[in-house]
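Report on the structure
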Amino acid sequence: NNNALEVLVEKLRENREFVLMDTPRTLLMRCEELVHEVDTVVIVSELTVPALRDTVTILNKVRTLAADMGQPNKDIRIVINKEKGKKAGQIALKDFEKEVEVPVAAVLPDMPEIACVALNDGKPMVAINGANRLVEEIRAFCNVLDGKPH
């Protein structure tokens, strides 16, 4: 229900400085008014050709919706998840950025072992191993969203 999502976002904003929603990419196609409601759109992608195509499609949709709603300068950020490096067959970050025409805000390395242990132990990743690249990249991106230099 599109209206239910709007009500949820509105309620959360009453008591929170930030509301971060992790939604499936298909939600955008059904809940277009969300683009108007949010300050920043963060698109999480991977360095693969199919993910690049999806990112370009989503970016174009967000830009069109934002422009139609009088927000042509909508803040759009891209986060790369599960970065494995060129040796793993992923496309180069610079090639990805060239295609999407948006600089990547964060690159999260593929470190499933830390995420899995944290999930299984019911603890945040920083409590499992706070001195790793994944945690550092997430922390840096959170600072960027909060307007702090990283």
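Just above sits the structure.
In short, a report on the structure.

Parameters at a glance
- Residues numbered from 1 in each chain as written.
- Predicted model: local features only at pLDDT ≥ 70, side-chain atom pairs only at ≥ 80, totals over all residues.
- Heavy atoms only, no water.
- Patch = residues over 30% accessible without salt bridge, like charges linked within 9 Å, V, L, I, M, F, W, Y side chains within 5 Å.
- Areas by Shrake-Rupley, 256 points an atom, 1.4 Å probe, with all protein chains shown as cover.
- Salt bridge = Lys/Arg side-chain N within 4 Å of Asp/Glu carboxyl O.
- Helix = DSSP H or I, 4+ residues; strand = E, 2+ residues; numbered from the N terminus.
- Buried < 20%, exposed > 50% of the residue type's maximum accessible area, 1.4 Å probe, protein only.
- Expected span 1.5 Å × (residues − 1).
- Contact = heavy atoms within 4.5 Å.
- Polar contact = N/O pair within 3.5 Å; in protein donor to acceptor, adjacent residues only side chain to side chain.
- Pairing = 2+ DSSP bridges.
- Right-handed = clockwise from strand over helix to strand, strands pointing away.
- Core = buried A, V, L, I, M, F, W, Y, C linked by side-chain atoms within 4.5 Å.

Before going further, it helps to examine a nonpolar patch on the surface. On the surface, a cluster of nonpolar side chains totalling about 200 Å² of accessible area is made up of L8, L12 and V19. Position of L8 among the secondary structure elements: in helix α1 (residues 2–15). The class of L8 is partly exposed, set by a relative accessible area of 43%.

Attention now moves to helix α8 (residues 133–145). Here α8 is 13 residues long and its end C-alpha atoms lie 18 Å apart, about the 18 Å a rise of 1.5 Å per residue gives. Turning to α8, its buried residues number three or more, namely L134, V135, A140, F141 and V144. Buried residues belonging to α8 abut β1 (40–45), β2 (75–83), β3 (104–109) and α7 (125–129). With a side-chain oxygen positioned 2.9 Å from the backbone nitrogen of L134, the residue opening α8 is N132. Directly beyond the C-terminal end of α8, a positive phi value near 85° is found at G147.

Another point: the pairing of β1. Side chains V41, I43 and S45 of β1 all project onto a buried face; the interleaved residues T40, V42 and V44 project onto a face where none is buried. The pairing of β1 with β2 spans six bridges and is classified as parallel. Across the sheet, residue V41 finds its bridge partner in β2, namely I76. With helix α4 (residues 49–68) bridging β1 and its parallel neighbour β2, the resulting β-α-β unit is right-handed.

Mapping N132 onto the fold places it in the loop between α7 and α8. A polar atom in the side chain of N132 sits 2.9 Å from the backbone nitrogen of L134. Ignoring anything within four residues of it in the chain, the contact list for N132 reads M111 and I114.

Our next topic: α4. Here α4 spans 29 Å end to end across 20 residues, near enough to the 28 Å set by a 1.5 Å rise per residue. A distance of 3.2 Å separates the backbone nitrogen of A51 from a side-chain oxygen at the start of α4, and that oxygen is part of T48. After α4 finishes, the residue G70 shows a positive phi value of roughly 80°.

The residue E46 is located in the loop between β1 and α4 in this model. Among all residues touching E46, those that are not within four sequence positions of it are A51, L52, I80, N81, K82 and F96.

Moving on: the nonpolar core. Among the nonpolar cores identified, the biggest contains 18 residues, and I43, L59, I78, I80, F96 and V100 are the most heavily contacted of them. Among all residues touching L59, those that are not within four sequence positions of it are I43, I76, I78, V100 and V102. A106, L108, M111 and F141 belong to the second largest nonpolar core, which has seven residues in total.

Another aspect to go through is the side chain of S45. Following the sequence through the fold, S45 ends up in strand β1. A polar atom in the side chain of S45 sits 2.7 Å from the side chain of T55. If sequence neighbours within four positions are ignored, S45 has contacts with A51, L52, T55, V79, I80, N81 and F96.

Keep in mind these numbers describe shape, not what the thing actually does.
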